[in-house]
Structures are given as C-alpha cells and as structure tokens.
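Notes for the structure review
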Amino acid sequence: MERRGLGPRVRRRRLRHQAVRTARARRQGQPPARLPQANLTSPGDPSVLRDDLASALRATLGAAGVDAPDDVHLERPARREHGDWSSNVALATAKRAGRNPRELGQQLVDLLSADPPTHVTKVELAGPGFVNFHLADDWLHAVLREVVVDGVDGYARPDLGHGRRVNVEFVSANPTGPLHAGGGRWAVFGDALGNLLERTGHVVHREYYLNDRGNQMRLFGASLAAAKAGEPTPEDGYRGGYITDWSAEMPDGVDPAAWGYDRVKRDLRDSLGSIGVQFDTWFSEQSLVDSGAVEATLAELRANDMAYDADGATWIRTEQFGDRKDQVIVRSDGEYAYLLPDLAYHRDKFGRGWELLIDVWGADHHGYVPSLKAALRCIGHDPDELELVLGQLVKLIRDGKEVRLSKRAGTLVLLDDLVTQVGPDVARLTFLLQSLDTTQTVDLDAITSQSMDNPVYYVQYANARIHSIAKRATEQGVARVPLDAADLSLLVHERELEVLRILEQLPDVVRLAALERAPHKVATWVRELADRFHGFYHDCYVMGEGVAPELTQARLWLVESARIGLAIGLDLLGVSAPETM
RNA sequence: GCGCUUGUAGCUCAAUUGGAGAGAGCAUCUGACUACGGAUCAGAAGGUUGGGGGUUCGAGUCCCUCCAAGCGCGCCA
C-alpha cells in the first residue's frame, strides 16, 4: 500500500502564526489599530502545542540566563528535515545577550532535550542557530480529533473581534449601468472578507453606497430618454448597448432618470446575486440629502469651525489633519462636492452603531483616502475607525488583447456575461485566488474555454471524492465507528500526515486572512488541502483488499476531517462544495 | 514634477510579514497500481525575485538609488 515516498512538491512553505499588523495598516503608516496582538488561541486549539513549545523555550532561555523576547517566535519550517516546529530565539537573542547564537542554541537544545515538552521526540540545533522540534505523529492525530470534534462550525474559528461591529462597504459602483466583469473582484472580495470577519467573531454588515444624485444620474436619464426617442446620445452621455436595451423596456410617460435608477438597481442586485453576493443595505446618497443628514454634517462642521467660506465655495479644514489641502465641500454653484455627502454617509454608519468601517476601493481612488480620513477627524472621529482596503484593478484580456472598460464608450464586458459563461464558482475562485495588491489579469478566453483546468474543479473534485468514499462505504456496509473507538495511531503514511499538517494550519490561515484582509490566503490553502487530499486518495485506499478494518476506520475519520476543512474553506470563499461533479 | 502601488519560471500567480535550498497551476516532455471517480498521481525541465548599493547571522520581503508599468494629484465623482 505504501507506494512511494513524497517528492519535493509536498515540501511546501508553512504559514507563520505570530500576531501581525495588517499589510494595509503598514501601507497607510498606521498603528495596528485595535487588532488583537495576543491571546488569539482558544483552549483546545492545536496551537496550544505551539504555546507549550513557546513557554518551554521561554523557561529554558531563563535557565540559560537570557531574557526572553516578548514574542518567542515559532514557525513551521518549510523543510521536513527541519522538524515540525522551529524557533529562531537563539538567533534573535544572542546578540543582545552577548552570546554566540549556535552556542546559545545548543544550550537550549540540551536543556530542552533533558525535559522535552509533550509530543516532542527530538530537539536539534540547525543552521545558524535554529532550534528545531521533532514531534511524534500523535500530535497530528490530536489535530484530527480536534477537527472532527469541533466540526465545520467550531474548528478554525478564532475570536478576534469579540463581537465588534464592522461595516464593510464594497462595490458601490455608480448606478448608471450594469457591473462590468472587473467589478466582480470587489464584489467577491468584500463578500469573502465579510465571511472571514464573521467567522472570526465580528458582527458584519455588507453595504452598497449608491451615488444616486448629481450630474451622472441626470446624464444617465437623458441618455435613456434620447435612445428611446431615437435621438443622438447627449454629450458625455452613456452609450453602451444596455442603454438601447433598457430604453426599449422603458414605458412612455415615466421619468427616465427615476425609471432608469430602479432598472439599474435591479440589475446590480441581480448581477451580484448571481455570484452569491448579497448586501444588507443599499444606501442611497440622495436619502442623506432628504433626511437633512448632509446639512446636519455641514452645520456641525461650521459649529466647530471645521468649515469656512472662501472664493464663493465652502471648504473643510482637512489640511491640518494630513490632507494635501483643504477641500471644497459646497461648490460655488451651491452643489455639494462628493466629499460632503460621503462624510455624512460615514457619519451615518457610525451613528448606526458600527464601530469599524471598512471601505473597499479600487486603487485609482487612493488619492482620496487622506481627504476622507481627515474629514472624519473634522467631525471628531478617530481615523483608525475607518479602514481602507485598496485593490489593484482587473485587466481583462480577450483575443490576446486588453479590453478597455468604459461605460460611456460602451466597451463593456459584463459581470453577467462572465458568470453566465463560467458559473459563480469559477468566477469567485478566479477573483479570490489572487492578492488584491496585484493587478489581476484575467484572460477571458482561458477561463471560459479551458474552464476544466480551473482550480475550482480541482478543489471540488476532492470534495466529490470524499463523498464518493462515504457512498462507497455505505454500499459496502462499512459503518464508521465512534471517533474514540478508532485507532488513529495507524495513520502514519506520509500522505496521511500531510493532510493533517495542512489541516492544522487552518486556524492560523483564517486568523491571518482575516487580520490582513486577505481572503486569497484561504483560497491558496483550500487548493493546498485539495492537493494533499488527492495525494492521499491516490496512495492510501480507505477500503479494499489488503486494508485492515482498523485502518479503514482511521482513514474514514481522516477523510471526514478533510471534508470539514474543505467545507470551512469553501464556505469562507463562497464556493460551493458539490458532492458529485 | 510630487505621491501611492506594482515588478518573482514562457504565461497566470504564491511565498509563514526578516528565516534554512524562492514554490504552485497552465504550457512542454516522460511515466503510473486489473481496488474507493484518471477532472487524479509521480517525475523532468524551467529563476541573478527589474538593475545596483546598503542594513542583518540571514533579504523576494526593510532602507537608498536607478529602470519600467499602472494609478492619483479638480469648485469631477
């Protein structure tokens, strides 16, 4: 049964675990806000093992006469021969202690070897001074047990938020036409981020801000009316094919702008729904004017001398809070500039009880960040209560050429078209596999014509195999014994252990992905789990001749743990887990 | 001009936030058990991480500097 050893492909990098500042926070030069820095593990979490090792190291450092650092760093080494856990404390502290790293490391190794922590079979000094821990396989069997006992709802659910109320605003494309395919990136990202925050102990609200007033809306209505009347599109108007289509739907005698607004809202809602994204609130900018919230915000600014009149316009004092310059909030023609209603909107979100606001924007708006943050300070809010997640834009390729997107020019690849062609799962995973930090290149021909190569099938196939095994077991009358009755110590095949090693990482992956606002880490992990499961499936038969019944039982539980891990990961991504393909 | 972001295998992307020999998928080539679904698995090949300098025991990651690309710098939204 043990067919062959593992090649290099299974020796992969492991996720680190320490508390981190978010990439976003670093980029914006902020402190880590209120992200928890410690105590991130729950009782029963497999990382208690890591905590054990850390405290053992801490104690040992003390015995060696060296002050332990605040963060005794432990990580999963990339290479198997470096053990299961590794620490660089000797390297990190040697200099300050005036010691030689290897000499200090050796002392730690000697002390630890004399009284090894639980599961530890060997402690070694390696390289420039790493202390490497080798563990007995049963630590991974404990992981399996925990995954199964905690289940889909309980495993990998670190409480980072403690119920903190987070409002996530994303997409918020202007309501003047359908969503283009690139917009799917924001939709899917924001939704998956919401899932991550929910899983990590936050109360999440998904919100879409509709800029339903101003010149663009007027132009949109005028464009519809013109198309219906067979007249030329107004200057700077919208001329996409949807204008023609919609104008044909538009009844006589209606206000084109109002009718168009309803039409576009329905379209946005349907398109987003088709990739599984639902908003809790569609917030109208106009409603802020109607309710007086904009005027109230303006009055508050004036009352606190945060606004002043000059050159016929009204300005807000944002420069004192780090903006390039003060900004106009009421133009000399009396119209509100974009910032004022937007500020009123954010004020409203706080007013509704949201403690942290996350706005997901395209990087083309980054220049606006300092203005909005400064404006928030002008109304007395800590700018850290607003977090901007900026993402690079999507570049669409068709026929080997970039497709430039413009609603006005009418060159559109619609999100609807994409989803119709490839389905929501492919669309979601395509967008989610990639970090928001890089410009995403989507080759439309590749993801449509070669859709069978899409990683989503690789992952879903693993799930199908899991259920196929279950079905097979049922057919053969093999019932799973209770977990406690299974002898997990039979799971010693490298393929089995690799599955458990990746499952062990899931809580860290979830935590990191949530803290860093980086759902792509979950996507990467899911693919990795699928990869290891396929390897296990290939080399380790669960049932069949030559497989002892006890081994079958242990492997059935391993399969169950993989099912749970896959379910958690796919659920976070909003990708379905079909039982058959 | 100033600012932000990006630059990793032919292509699309990862990389435990400073760790050990930079990893996947696609594409190319070569293989795989008469058993649970071959949409799978194994192997080969592919790299001066844009260039150069610096900090460090250690740099794709941090600093400086060049190069290239995208974006932003409005009484637009």
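Predicted model only: the values in this text are computed from it and were never measured. (Residues numbered from 1 in each chain as written. Chains lettered and ligands numbered in written order. Predicted model: local features only at pLDDT ≥ 70, side-chain atom pairs only at ≥ 80, totals over all residues. Heavy atoms only, no water.)

Remarks on the overall build of chain A
For chain A, the helix and strand inventory stands at 19 helices and 15 strands. A total of 581 residues make up chain A; the buried ones form 54% of that total. Excluding contacts between residues fewer than 6 apart, the proportion of contacts in chain A whose partners are at least 24 apart in sequence is 74%. Total accessible area computed for chain A in this model is approximately 24,700 Å², and 48% of it derives from carbon and sulfur atoms. A distance of 4 Å separates the average location of the 68 positive side-chain charges in chain A from that of its 83 negative side-chain charges. (Helix = DSSP H or I, 4+ residues; strand = E, 2+ residues; numbered from the N terminus. Buried < 20%, exposed > 50% of the residue type's maximum accessible area, 1.4 Å probe, protein only. Contact = heavy atoms within 4.5 Å. Areas by Shrake-Rupley, 256 points an atom, 1.4 Å probe, with all protein chains shown as cover. Lys, Arg positive; Asp, Glu negative; His and termini not counted. Charge placed at Lys NZ, Arg CZ, Asp CG, Glu CD.)

Observations regarding the sheet that holds strand S9 (residues 313–316)
The three strands are arranged S8-S9-S10 in an open sheet whose pairing can be described as antiparallel. A single partner strand is all that each edge strand has here, and the edge strands are strand S8 (307–310) and strand S10 (327–330). Sheet twist, expressed as the average angle between the axes of neighbouring strands with direction ignored, equals 45 degrees. Pairing between S8 and S9: four bridges, direction antiparallel. Bridge pairing in S9 places Tyr-308 opposite Trp-315. (Pairing = 2+ DSSP bridges. Axes fitted to C-alpha atoms, helices over the stretch in contact; angles between N-to-C directions.)

Focus on the packing of helix H6 (residues 183–199) against helix H17 (residues 494–515)
Running from N to C, H6 and H17 cross one another at 120 degrees; their axes reach a closest spacing of 9 Å. When the axes of H6 and H17 are compared, the pair comes out oblique. Between H6 and H17 the crossing geometry is left-handed. Counted together, Leu-196, Leu-197 and Arg-199 of H6 and Val-510, Ala-513 and Ala-514 of H17 form the full contact between these two elements. Here the contact of H6 with H17 is composed, by residue class, of five nonpolar, no polar and one charged. (Parallel < 35°, antiparallel > 145°, perpendicular 65-115°, else oblique. Left-handed = near helix turned anticlockwise from the far one by under 90°. Nonpolar A, V, L, I, M, F, W, Y, C, P; charged D, E, K, R; others polar.)

Focus on the sheet that holds strand S5 (residues 164–169)
Taken in spatial order, the five strands of this open sheet run S7-S6-S5-S11-S12, and their pairing is parallel. Both edges of this open sheet fall to strand S7 (281–284) and strand S12 (386–391), since each of them pairs with a single strand only. Strand-to-strand, the axes of this sheet are offset by a mean angle of 25 degrees, without reference to chain direction. The pairing of strand S11 (residues 356–362) with S12 spans six bridges and is classified as parallel. By the bridge assignment, Ile-358 is partnered in S12 with Glu-387. Contacts from helix H9 (residues 256–274) reach strand S6 (202–210) and S7 within the one sheet, and its direction differs from that of S6 by about 140 degrees.

Quick notes on the pattern of salt bridges
As enumerated under the stated definition, the model contains 36 salt bridges in all. The partner of Asp-252 in a salt bridge is Lys-228, with the nearest N and O atoms 3.5 Å apart. A residue pair is termed long-range when its members are at least 10 positions apart, and Asp-252 in the loop between helix H8 (241–249) and H9 and Lys-228 in helix H7 (residues 215–229) qualify at 24 residues. A residue is classified by how much of its surface remains accessible, and Lys-228, at 35% relative accessible area, is partly exposed. Connected through salt bridges with shared partners, the residues Arg-80, Asp-84, Glu-494, Glu-498, Arg-501, Glu-528 and Arg-532 form a single ionic network. (Salt bridge = Lys/Arg side-chain N within 4 Å of Asp/Glu carboxyl O.)

Examining the confidence of the model for chain A
Residues of chain A with pLDDT of at least 70 account for 91%, and the chain-wide mean is 89. This stretch, residues 1–44, has a pLDDT under 50; its non-local contacts, to residues over four places away or in other chains, come to 95 contacts. (pLDDT = per-residue confidence, 0-100.)

Quick word on the nonpolar core
Ranked by size, the top nonpolar core spans 135 residues in total, and within it Phe-133, Leu-144, Val-171, Tyr-208, Phe-220, Leu-272 and Ile-358 carry the most contacts. Looking at which element gives the most residues to this core, the answer is helix H19 (residues 549–573), with 12 residues. Apart from the residues lying within four places of it in its own chain, the contact partners of Phe-133 are Leu-53, Leu-57, Leu-74, Gly-83, Asp-84, Trp-85, Leu-112, Val-120, Lys-122 and Val-123. Within the second largest apolar cluster, 32 residues are counted, among which are Phe-283, Leu-301, Leu-339 and Ile-379. (Core = buried A, V, L, I, M, F, W, Y, C linked by side-chain atoms within 4.5 Å.)

With respect to the packing of H7 against H8
Taken N-terminus to C-terminus, the directions of H7 and H8 make an angle of 70 degrees; their axes are 8 Å apart at the nearest point. One finds that H7 runs roughly perpendicular with respect to H8. Pair H7 / H8 crosses with right-handed handedness. Together, Phe-220, Ser-223, Leu-224, Ala-227 and Lys-228 of H7 and Tyr-242, Ile-243, Trp-246 and Ser-247 of H8 make up the contact between the two elements. Per-class residue counts for the contact of H7 with H8 are six nonpolar, two polar and one charged.

As for the packing of aromatic side chains
Across all of its chains, the model carries 14 aromatic pairs by this definition. Of note, Arg-165 hangs over the ring of Trp-354, and the distance from its end group to the ring centre comes to 4.0 Å. The positively charged end of Arg-480 is found above the aromatic ring belonging to Trp-557, 4.1 Å away from the centroid. (Phe/Tyr/Trp six-rings, centres within 6.5 Å; stacked < 30°, edge-to-face > 60°. Lys NZ or Arg CZ within 6 Å of the ring centre and 35° of its normal.)

Topic: the side chain of Lys-373
Within the secondary structure layout, Lys-373 lies in helix H13 (residues 369–378). Despite its burial, Lys-373 pairs with no opposite charge, the nearest such side chain being Asp-384 at 4.6 Å. Separated by 2.9 Å, the side chain of Lys-373 and the backbone oxygen of Pro-383 make a polar contact. (Polar contact = N/O pair within 3.5 Å; in protein donor to acceptor, adjacent residues only side chain to side chain.)

A look at unusual backbone geometry
Not every positive phi belongs to a glycine, and Val-171 is a case in point at roughly 65 degrees. For Val-171, a relative accessible area of 14% translates into the label buried. Even without being glycine, Asp-236 reaches a positive phi, approximately 60 degrees. Along the chain, Asp-236 falls in the loop between H7 and H8.

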